[in-house]
Amino acid sequence: MYAWLFRRLPGPLPVRVLLALAVLAAVPVGLFGWGFPAVAPHLTWLTGDPSLG
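Residues numbered from 1 in each chain as written. Predicted model: local features only at pLDDT ≥ 70, side-chain atom pairs only at ≥ 80, totals over all residues. Heavy atoms only, no water.

Novice: Give a description of the overall build of the protein chain that names residues and reports values.
Specialist: When its secondary structure is counted, the protein chain shows two helices and zero strands. Looking at the protein chain residue by residue over its 53 residues, the buried ones come to 4%. (Helix = DSSP H or I, 4+ residues; strand = E, 2+ residues; numbered from the N terminus. Buried < 20%, exposed > 50% of the residue type's maximum accessible area, 1.4 Å probe, protein only.)

Structure (structure tokens):
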């Protein structure tokens, strides 16, 4: 997967390394910023209500 991404990035090697690092850093930022907060209301065990079991 990483090789596929790395081969498709444009530019010389230093530019591709920086772009790959930026892409790999953007994934967790996107998940923690938008992905997990969007899913959290649907996860009943995260509400803290003991009656939910």
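Novice: Describe the environment of Tyr 2, with residues and values.
Specialist: With respect to the helices, strands and loops of the structure, Tyr 2 is situated in helix H1 (residues 2-8). For Tyr 2, a relative accessible area of 54% puts it in the exposed group. Along the sequence, Tyr 2 and Leu 24 sit 22 residues apart, while their C-alpha atoms lie 9.6 Å from each other.

Novice: Lay out helix H2 (residues 13-39) in plain terms, naming residues and giving numbers.
Specialist: Over its 27 residues, H2 runs 37 Å from end to end, which matches the ideal 39 Å to within 8%, given 1.5 Å per residue. Remark: the principal bend of H2, roughly 45 degrees, maps to Leu 31. (Expected span 1.5 Å × (residues − 1). Bend = angle between axes of the 7 residues up to and from the residue.)

Novice: Got a sec to walk through the environment of Pro 37? Specific residues and values, please.
Specialist: Mapped onto the elements of the fold, Pro 37 is located in helix H2. Pro 37 sits in the partly exposed class, given a relative accessible area of 43%. Among residues more than four places away in sequence, those in contact with Pro 37 are Leu 31 and Phe 32. (Contact = heavy atoms within 4.5 Å.)

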